[in-house]
There are 2 protein chains.
Amino acid sequence: MRRDVTLREVAQLAGVSSRTVSNVVNGYANVTEPTRARVMRAVEQLGYRPNVLARNLAQGRSGQIAVVVPYLDTPYFSELLQGIIRAARMQGYNVLIDQTDGDPDHERMLISHGRSRLLFDGVIFSPLGLDQQALADHDPSLPLVILGERVSQGTFDHIGIDDVAASRQATEHLLDLGRRRLAAIGDQPYPTGEAAQLRTRGFCEAHERRGVTVHEELVIATPRFNRVDGAGAMRHLLDLPDPPDAVFCYSDLVALGAMHVLAARGLRVPEDVAVIGYDDIEDGAYSNPPVSTISPDKEMIATTAVERVLLRIASRTPLPGRELRAPHRLVVRESTVGRGAASRAG
Amino acid sequence: MRRDVTLREVAQLAGVSSRTVSNVVNGYANVTEPTRARVMRAVEQLGYRPNVLARNLAQGRSGQIAVVVPYLDTPYFSELLQGIIRAARMQGYNVLIDQTDGDPDHERMLISHGRSRLLFDGVIFSPLGLDQQALADHDPSLPLVILGERVSQGTFDHIGIDDVAASRQATEHLLDLGRRRLAAIGDQPYPTGEAAQLRTRGFCEAHERRGVTVHEELVIATPRFNRVDGAGAMRHLLDLPDPPDAVFCYSDLVALGAMHVLAARGLRVPEDVAVIGYDDIEDGAYSNPPVSTISPDKEMIATTAVERVLLRIASRTPLPGRELRAPHRLVVRESTVGRGAASRAG
């Protein structure tokens, strides 16, 4: 590998001090224009590149933020990441991406000793395996913004939609279509599955409001919010003596897995079983039939997360935690209302 | 933000020299066990964290590789990225991810001055906007591995499947089913759309081998390989006086977009129009109907890319460029052969 050109060699060629070269390269104002031009000619002639690592070391920061998600191949996260990378780049920040696979030890490590082990100034984090206590124990000197459904308690910000309200809305949509045997796919046990539990709460609240009984045996827990788990849960539901006439899925991927099984069994969506998802990923808009869903404002979540983490990085004292709500809306497509009604709605 | 504890403070508390603390923290062997224990107690008591940035600076490397892709929300890339992150982490490397949006200027910048601007030791790069010349002009001191369909010429490695052979195979599959009016969606103009051009070549070669005429008016160029472009091209094809009876799509996303339009027009897949995609993303396996496709060995592409870039980072002299082929296979599903035949094939 080519030996790197040093600051001193540039200084020698330009006939100035190393400090002057440093001032020019770092864009400081205390250099005359002829000197600046002479230094820049030497920089170009030698192919000198300022050592960013050294500069960041002197400033005590890396110019990077880390974004930590459970799974990169989940479209919801890749759509969100795209927005975060764009927002960060506009602020001159690079984004380091890490995938935890939802492993609690890996997640705990990232918010406790993460700042020294990795090379970032702040973290935008979507935890999966951690409970409230582990989050509260995070390194308070680490600028931290949490994505998802947790209640903020501590020196970090939290951004998410109102999951209970959104799930209630999705469920009420199914009930208002006259469906009465509603299944829910994606419940998860306490303490780690908080997102899932909030969605189950919304599902139950909608039943209460409409005076309809919740069929407990139709609320199915799954390890993940993915297609495979959606397909497995749907198979189980269809094998019951009295299967559901509608399904609220805790992600669009779960809904796509469920619809795959319905199609394979020759059942019609929504005539035999209505299906609604959650997340509004692009796949759901193009599936056959297109999936009704809850659409979180991902653009706002991404830009707010970047703004908040940069604010925390810039602050000399830890800021109090803030709870930030992004808006969501119900998107009605064919998987709940059929072709004619969906095109009238669209 | 909390003031960081220094090496010197640890040394004072432990009653040893700063150099001894440094030796302990860096795991060097020349320290007695009692001294090591005393230093570690002081490290824990003060909450000292070794400065990774400083250590990497001393070693002249960052412990990071960059992975640069055109679009993060393309499932093919997020599936590949997941494999790359896992392989890199097993080698103690972090992954920095950048998204170019296919912008040639951004891509050129990354492989010319990238090493200094960002903080990485090597790059795994999937270019979209760059032509051969721009790639050949890359900074030769930057360890570089290219993903995709380009021919290697220079001091970088290239990993991809045999696109011409794979596309020929997909097309022959359609011809062998008796289809005769084949469309192709995804062609792109020279010089940047090389992946697309190789696929068009395979499409034409299959026609030649089977003695079937290529219908030039059915070969449709699209700006991207995504659902929106697939849908737009399919609408155009269906509006022709003599529409196709089969479509070879240059990505599964294009196929999903095309199938969305076919369903909306009330046409049956494969009875009216057979559809085959490319990439074998999970969406295609779960769509209705599931999509036949070309499946590249993504696991092998990911692990080979990481191995090659780490080898280049470790080497003290630039290594000659290598051309590496990953295997692929044709996956036959309902979108070309219908339900009965697909389940017999599976």
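Every value quoted in this text rests on a predicted model; they were computed, and no experiment measured them.

How each quantity is defined
- Each chain has its residues counted from 1, running along the sequence as written.
- Just so you know, chain letters begin at A and ligand numbers begin at 1, following the order they were written in.
- A pLDDT threshold of at least 70 governs which residues receive local features in this predicted model, and a stricter bar of 80 or more applies before side-chain atom pairs are shown or counted, although totals over entire chains, interfaces and linings include all residues.
- Side-chain numbers here rest on the full set of heavy atoms in the structure, without hydrogens or water.
- Salt bridges are defined by distance alone: a side-chain nitrogen of Lys or Arg within 4 Å of a carboxyl oxygen of Asp or Glu.
- To qualify as a helix, a DSSP run of H or I must reach at least 4 residues; to qualify as a strand, a run of E must reach at least 2; elements of each kind are numbered from the N terminus.
- Burial classification: accessible surface area is computed with a 1.4 Å probe over protein chains only, and a residue below 20% of its type maximum counts as buried, one above 50% as exposed, and the rest as partly exposed.
- In this description, a nonpolar core means a group of buried Ala, Val, Leu, Ile, Met, Phe, Trp, Tyr and Cys residues linked to one another through side-chain atoms lying within 4.5 Å.
- The contact criterion used throughout is that any non-hydrogen atoms of two residues lie within 4.5 Å.
- A pair of strands is labelled paired if DSSP reports no fewer than 2 bridges between them.
- Convention adopted: a line fitted to C-alpha atoms gives each axis, helices being fitted over their contacting stretch, and angles between N-to-C directions are expressed from 0 to 180 degrees.
- Roughly parallel means an angle under 35 degrees; roughly antiparallel, over 145; roughly perpendicular, 65 to 115; everything else is oblique.
- Less than a right angle of anticlockwise turn of the near helix away from the far helix marks a crossing as left-handed, whereas a clockwise turn marks it as right-handed.
- Basically, the charged four are Asp, Glu, Lys and Arg, the nonpolar ten are Ala, Val, Leu, Ile, Met, Phe, Trp, Tyr, Cys and Pro, and anything else, Gly included, counts as polar.

Peer 1: So what exactly am I meant to see when it comes to the pattern of salt bridges here?
Peer 2: Side-chain pairing between opposite charges can occur once the charged atoms of the two side chains come close. Applying the stated criterion across every chain, the model contains 34 salt bridges over all chains. As a salt-bridge pair, A:Arg312 and A:Asp157 come within 2.9 Å of each other at their nearest N and O atoms. With A:Arg312 in helix α14 (residues 298-314) and A:Asp157 in strand β5 (residues 157-160), this residue pair connects regions lying 155 residues apart in the sequence. Summarising the burial analysis for this pair, A:Arg312 and A:Asp157 share the class buried. Each member of the salt-bridge network shares a partner with another, and the members are A:Arg227, A:Glu282, A:Asp283, B:Arg227, B:Glu282 and B:Asp283.

Peer 1: In this structure, what is going on with the nonpolar core? I would like to understand it.
Peer 2: In globular proteins that are soluble, nonpolar side chains generally tend to be buried together. Membership of the largest hydrophobic core comes to 146 residues, with the highest contact counts inside it found for A:Ile124 and B:Ile124. Each residue touching A:Ile124, except ones within four places of it in the same chain, is listed here: A:Ile65, A:Ala66, A:Val67, A:Val68, A:Ile84, A:Val145, A:Leu147, A:Ala305, A:Val306 and A:Val309. Judged by nonpolar contacts, the second largest core, of 24 residues, contains A:Val68, A:Ile111, B:Leu96 and B:Phe125.

Peer 1: Which parts of the structure should I look at to understand the sheet that holds strand β8 (residues 246-249) of chain B?
Peer 2: The pairing of strands in a sheet comes from backbone hydrogen bonds and takes either a parallel or an antiparallel form. All names here are of chain B. Strand order in this open sheet of four strands is β7-β6-β8-β9, and the pairing throughout is parallel. Only two strands of the sheet have a single neighbouring strand rather than two, namely β7 (219-221) and β9 (274-276). Strand after strand, the sheet turns through a mean of 15 degrees between neighbouring axes, direction not considered. When strand β6 (residues 182-187) meets β8, the two strands line up parallel, connected through four bridges. From the neighbouring strand, Ala183 faces β8, where its bridge partner is Val247.

Peer 1: Sorry if this is basic, but what is going on with the packing of helix α11 (residues 227-238) of chain A against helix α12 (residues 252-264) of chain A here?
Peer 2: When two helices pack together, their arrangement is given by the angle between their axes and by how far apart the axes lie. Residue and element names in this part refer to chain A. Contact geometry of α11 with α12 gives a least axis separation of 7 Å together with a crossing angle of 45 degrees. As far as their axial angle goes, α12 and α11 are oblique. Considering the relative orientation of α11 and α12, their crossing is right-handed. From α11, Arg227, Gly230, Ala231, Met234, Arg235 and Leu238 reach across to α12, where they touch Leu253, Val254, Leu256, Gly257, Ala258, Val261 and Leu262. Split into classes, the residues belonging to the contact of α11 with α12 amount to nine nonpolar, two polar and two charged.

Peer 1: Looking at this structure, I do not really get the environment of B:Ala165. What am I missing?
Peer 2: Residue and element names in this part refer to chain B. Within the secondary structure, Ala165 is located in helix α9 (residues 163-176). Residue Ala165 is classed as buried on the basis of its relative accessible area, which comes to 17%. Considered as a pair, Ala165 and Leu198 are 33 residues apart in the sequence and their alpha carbons are 9.1 Å apart.

Peer 1: Before we go on, may I ask you to explain the packing of helix α1 (residues 7-14) of chain A against helix α3 (residues 33-46) of chain A in this structure?
Peer 2: Residues and elements named next belong to chain A. Look at α1 against α3: their axes get within 9 Å of each other, and the N-to-C directions meet at 125 degrees. By the criterion of interaxial angle, the relationship of α1 to α3 is oblique. The element α1 and its partner α3 pack so that their crossing is right-handed. In contact with Glu9, Val10, Leu13 and Ala14 of α1, α3 contributes Arg38, Val39, Ala42, Val43, Gln45 and Leu46. Residue composition of the contact of α1 with α3, by class: seven nonpolar, one polar and two charged.

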